[in-house]
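Examining the three-dimensional arrangement
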Amino acid sequence: MDKSNPVPLSATEEMLSVNGDCPDHLYSTIFTLKDSPGILLEALKPFASLGISMSHIESRLGRCETGYDFYVEFICETEGLLDQLTQKLEEISCSVSLMTEGGRGNRG
């Protein structure tokens with residue numbers, strides 16, 4: 001870990017810092033969906049329907065008894081799109097946490 005930056009960089013931030021281009025609109029979210037066939041497709045739909053590109057996605061057994069947590073990093077240019085994304089994720093999720101600037105603080 002770099003001593004000048006005590007907080008570890010996310011995979012996206014690491015990639016962008018190498019290229020010297022770190023956008024101001026980098027966000028990450030963690031949301032939990034109940035397990036069912038096609039659950040990954042459901043996780044991707046809100047991003048695709050709003051035209052938001054994901055730069056990183058991870059999934060693991062979730063906090064809901066029979067669900068999965070999805071961690072997604074993405075770039076979102078406007079507050080309006082961010083609000084719409086949050087609303088869509090809340091409609092399908094057990095829980096949603098949204099963080100700004102690559103996970104360096106909660107939004108809201």
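Residues numbered from 1 in each chain as written. Predicted model: local features only at pLDDT ≥ 70, side-chain atom pairs only at ≥ 80, totals over all residues. Heavy atoms only, no water.

With that settled, the discussion passes to the confidence of the model for the protein. Of all residues in the protein, 69% have pLDDT values of 70 or greater, and the mean over the chain is 76. Low pLDDT (under 50) marks residues 11-22, which in the prediction has 16 contacts with non-local residues, meaning those over four places away or in another chain. Counted against residues more than four places away or in other chains, residues 102-108, with its pLDDT under 50, gives 21 contacts. (pLDDT = per-residue confidence, 0-100. Contact = heavy atoms within 4.5 Å.)

On the surface, Leu40, Met54 and Ile57 cluster together into a nonpolar patch covering about 240 Å² of accessible area. The topology assignment puts methionine 54 in strand S2 (residues 54-61). With relative accessibility at 32%, the residue methionine 54 sits in the partly exposed group. (Patch = residues over 30% accessible without salt bridge, like charges linked within 9 Å, V, L, I, M, F, W, Y side chains within 5 Å. Areas by Shrake-Rupley, 256 points an atom, 1.4 Å probe, with all protein chains shown as cover. Salt bridge = Lys/Arg side-chain N within 4 Å of Asp/Glu carboxyl O. Helix = DSSP H or I, 4+ residues; strand = E, 2+ residues; numbered from the N terminus. Buried < 20%, exposed > 50% of the residue type's maximum accessible area, 1.4 Å probe, protein only.)

Take the packing of aromatic side chains next. What the rule picks out here adds up to 4 aromatic pairs. Taking the centre distance of 5.6 Å and the plane angle of 20° together, the rings of phenylalanine 31 and phenylalanine 70 count as stacked. Within this pair, whereas phenylalanine 31 is found in strand S1 (residues 26-34), its partner phenylalanine 70 is found in strand S3 (residues 67-75), the two being separated by 39 residues in sequence. A ring pair is formed by phenylalanine 47 and phenylalanine 74, whose centres lie 5.5 Å apart and whose planes are at 70°; its orientation type is edge-to-face. One end of the pair, phenylalanine 47, is in helix H2 (residues 39-49); the other, phenylalanine 74, is in strand S3, and 27 residues separate them in sequence. (Phe/Tyr/Trp six-rings, centres within 6.5 Å; stacked < 30°, edge-to-face > 60°.)

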